[in-house]
Structure formats: structure tokens, C-alpha cells
Amino acid sequence: MTPGSRKAAVVGVALSDCGRVEHATPYALHAQAARRALADAGLGREVVDGFASAGLGTLAPVEVAEYLGLRPTWVDSTSVGGSTWEVMAAHAADAIAMGHADAVLLVYGSTARADIRAGRRTGDLSFGSRGPLQFEVPYGHTLIAKYAMAARRHMIEHGTTVEQLAQVAVQARANAALNPEAMFRDPITVDDVLNGPMIADPFTRLHCCIRSDGGAAVLLAAEEFVRDCRTAPVWVLGTGEHVSHAAMSEWPDFTTGPAAVSGRLALERAGVRPAEIDFAELYDAFTYMTLVTLEDLGFCGKGEGGAFVEKGRLLVRGGELPVNTDGGGLSAQHPGMRGLFLLVEAVRQLRGECGERQVRGRDGELPRLGVASATGGWFCSSGTLVLGRD
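Position labels on residues start from 1 in each chain and follow its written sequence. With the structure being a predicted model, the display of local features is reserved for residues of pLDDT at least 70 and the display and counting of side-chain atom pairs for 80 or more, all residues being used for whole-chain, interface and lining totals. Processing note: side-chain calculations cover all non-hydrogen atoms of the structure and skip hydrogens and water entirely.

Q: Break down the layout of surface pockets for me, with residues and values.
A: Points on a 1 Å grid over protein atoms alone make up a cavity when a 1.4 Å probe fits among them but cannot get out, and a pocket when they form an open set with protein on both sides within 12 Å along at least five of seven lines; lining residues each have an atom within 4 Å of a point. Grid points are joined across faces, edges and corners, and a volume is the space filled by probe spheres set on the points. The volume enclosed by the second largest pocket comes to roughly 260 Å³. Taken together, 13 residues make up the lining of the second largest pocket; nearest its centre are A8, A93, V236, L237 and G238. If you tally residues by element for the lining of the second largest pocket, the top one is strand 8 (residues 234–243), at 5 residues. Under the scheme applied here, ten amino acids are nonpolar (Ala, Val, Leu, Ile, Met, Phe, Trp, Tyr, Cys and Pro), four are charged (Asp, Glu, Lys and Arg), and all others, including Gly, are polar. Partitioned by chemical class, the residues of the lining of the second largest pocket number 6 nonpolar, 2 polar and 5 charged. Only runs of H or I of at least four residues qualify as helices and only runs of E of at least two qualify as strands under DSSP, and these elements are numbered from the N terminus.

Q: Could you give an account of the state of the cysteines, naming the residues involved and the relevant values?
A: Sulfur atoms of two cysteines make up a disulfide when they are within 2.5 Å. By the definition in use, this model includes 0 disulfides. In this structure C354 is not part of a disulfide, and its nearest cysteine sulfur, from C18, lies 14 Å away. For C354, a relative accessible area of 3% translates into the label buried. Exposure classes here rest on a 1.4 Å probe applied to the protein chains alone. A residue is buried below 20% of its type maximum, exposed above 50%, and partly exposed in between.

Q: Before we move on, could you go through empty space enclosed by the protein and cite the residues and values that matter?
A: Throughout the structure, instances matching the rule amount to 2 cavities of 30 Å³ or more. Volume-wise, the largest cavity comes out at about 60 Å³. If you go around the largest cavity, the residues you meet are L15, N179, E181, D326, Q333, F341, V344, E345, R348 and R357. A total of 4 residues in the lining of the largest cavity trace back to one element, the largest contributor, which is helix 12 (residues 339–351). A class-by-class count of the residues in the lining of the largest cavity yields 3 nonpolar, 2 polar and 5 charged. Approximately 40 Å³ is the volume found for the second largest cavity. Contributing to the lining of the second largest cavity are V168, Q171, A172, N175, D284, T290, L314, V323, N324 and L330. Considering every element that reaches the lining of the second largest cavity, the biggest residue donor is helix 6 (residues 162–176), with 4 residues.

Q: Outline the pairing of strand 8, supporting the account with residue identities and numerical values.
A: Strands were regarded as paired on the criterion that DSSP finds at least two bridges between them. Sheet topology note: the strand 1 (residues 8–15)/strand 8 ladder contains 2 bridges and is antiparallel. Across the sheet, A9 pairs through a bridge with W235, a residue of strand 8.

Q: Just give me the short version of helix 6, but keep the residues and values in it.
A: Taking 1.5 Å of rise per residue, the 15 residues of helix 6 would be expected to cover 21 Å, and the 22 Å separating its terminal C-alpha atoms lies within 8% of that figure. Most of helix 6 sits inside the fold, with 12 of its 15 residues counted as buried. If you check which residues of helix 6 are buried, you get Q164, L165, A166, Q167, V168, A169, V170, Q171, A172, R173, N175 and A176. For helix 6, the secondary structure elements touched by its buried residues are helix 5 (143–158), helix 7 (190–194), helix 9 (287–296), helix 10 (305–309) and helix 11 (328–331). Given a helix with a known number of residues, its expected span is that number minus one, times 1.5 Å. Should any heavy atoms of two residues lie within 4.5 Å, those residues are considered in contact.

Q: Residue-level account of the side chain of D284, with values.
A: With respect to the secondary-structure elements, D284 resides in the loop between strand 9 (279–282) and helix 9. Any pair of nitrogen or oxygen atoms within 3.5 Å is treated as a polar contact; in protein, a donor-acceptor pairing is required on top of that, and neighbouring residues in sequence qualify only through side-chain atoms on both sides. Engagement of the side chain of D284 in a polar contact is seen with the side chain of N324, the distance being 3.3 Å. In contact with D284, not counting residues within four places along its chain, are C209, M289, T290, N324, G327, G328, G329, L330 and R338.

Q: Hey, could you go over unusual backbone geometry for me, with residue numbers and the actual values?
A: Going from A60 to P61, the amide bond is cis rather than trans, its omega being 0°. Inspection of the secondary structure puts P61 in the loop between strand 2 (50–52) and helix 2 (62–68). In this chain, D201 is followed by P202 through a cis amide linkage whose omega measures 10°. Looking at where P202 falls in the secondary structure, it is placed in the loop between strand 5 (198–200) and strand 6 (203–204). For F379, which is not glycine, the phi dihedral falls at a positive 65°. Turning to its location among the elements, F379 is positioned in the loop between strand 10 (369–376) and strand 11 (381–388).

So yeah, pure geometry; function would need other evidence.
This is the structure in C-alpha cells:
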């Protein structure tokens, strides 16, 4: 094959133990997820010559690779927040296409919830106060406040209501009810969301993601490895990445996120239109992220996200565009940087392994096309992948 001609497929995916994991280290969760992903693919550790990881260790991913007993010849430690894993997957697909790697393992693990309970860290996440952040930190610009400001701007400019935002949480919980691995499965109503304690106006508690422990792993491989795998391949059809801003003052439009660029690139490179997508896995640290990303990816027009989500379109059962089919970060799990979990769920959906929450395509068969789009920081970065069975 000439360089650049090889196709890349996801051949193995797995989660570690998730939810409430009291007695494990982040390294152990990395290892558990990695072993399970390799077993899912039916491949041995010896085939892995590429490795990507971020968020753990002083020399990430060197320390994690050592812990896993890997000696990769291709590595990636990109760190752009929650979208890190979609960006890494794009880099891995490019490396496979060029012949720089044959099989690339992406892995993540975090004990964010257990660490807080044990007093090893606090619930406040600080990004420091140096560089551009020095102009905002003194004024109380917390991470949640940044997202809340963006949501309020969308409400002002487009008439989006807090009830519409609440619908995102309600439908995510309804999807989680079908997922035995979800951390929270009991139904909630719009009133439940609205009447919760205020966190950062307009977000009450249920507008915000849960905090869990857990890990995930995804194995990508070159097309010639597919015949040796025990699972059906899910092909990487198109990718896109984009970084937008660090300082909120440098973000030109709070109602448009970086997925507007990464999504356009991924769809164009895959040669598909939003209307052809069967389901979407979107980063949802807050309800507004889901709503604005739907607009950014072209599933509805700018300013139409509120009306789009209030009609139940995101539901696995009866929804026109099932979104966050596992329950998302709002209900299933969110151990820190959730982007890799989006890829795991998307692959499982395309392989038809999701039981009660299984999405069906327009012909009633298994879905053909799915999108995984993650956001990092405070809409600072985005990575989008179009995945398909064909």
C-alpha cells in the first residue's frame, strides 16, 4: 500500500469498572480498560505499536505505557481537555494511514470521585492564574461560570429557555435508564431540574455532569488487521479538530462552539451530510453543551437548538436523532475527560451491542453512521469523528 492509503478501523473498545470505584488507582483503571479492549478485539498486546494517553503522570504517556508494559514506536500526549480523545483518534488514524503505526491504543482512567471522598483533592478544579487566565481568574471565572455565561448569551440572543435546557438532562436520564452501566437511572422531570440547587445561573445541579470514577480504552488498527479480530470493524470515515480560545474575552461568539469547525471538517472528509447520521455522542458536561453542539454540527439551525431538544428528539426510544445513548456525562459517567467514553458508546452502537438502548437506522436495521464530537476546556477545543460500519 502506498503511504496514506491504509484505512483505519476501531477494532476494540471497553470500559473499566465505572461509577463508584473506591479501591483502585487511576493506573489500575487504565490497565483494566486496556486489557478489556484488547480482549474485545481478540488481539494480543504485542500488536500495539502506538499509544496515546493524557492526564496522568509527569511524563504522560510514558509512565502509563510503562505501567501497561508497552514500548510504542508512535505516541501522542495531546491534551486539549475533554476533546483530547477525539483529537488523538484523528492523529492515530492519520498515523495508521501513513504506515507510521499499525495498532494504536487510546486509554484513560480517573478516580476523580473517590479522590474527593478520600480527601486527596477538592471539588474545585483550578487551571491556574498565569498567562491569559490572569485577567479572568480574579473575577471568579470558575469553569462552571464560563459555561453558564455562554448559556445565558444563547438565551438572550435566541430566546432559548431554561426549560429547554432542562429537557437535555431529562432525555439523557431517560437514555441512561436503558443502560445497566449508567450511574444514575431513575427518571427525572423538567421540574426536578428547575427546582434543584443553583450552581451557576442558569444551571442548577441537574444541568451539570455527575462526578464518577472510571476508565475507557479504544484500539484502532490498520485494515489488514481486521480479519484477525473477533469483532466487526467500525471505520473512521472522517475527522476534524479545532481550537478556539483560552480567554473568554477572545471568544467572538458565545453561541457558536468549536464543533462548528471540527464538525464541518469531519463531515466533509467523510462525504456525508448531517441528515445521514443515525445517532450522535456529544460531550455534555452541561446541558448547554449538547444544545449548542447540535447546532454547530448542523443537526438544526443556529438558534434552533432549544426547539429541537424540547420535542424528545434525543431519546433512544422514539427520538429522531438519539443523542448520548448511554446517558452521557449527565447521567452515565463522567470521571474527568469523557471524550473516550463517547467513542466506546458509538462503536458499541454501530456493532449492535447495546441491548435495550440499541439505536436502529432508518431502515430498522443497525445504524450505519454515527458521530462522536467532544468539547474541551470551556468550549476551547473540539474533536469530531464520523464512524461507520461500511
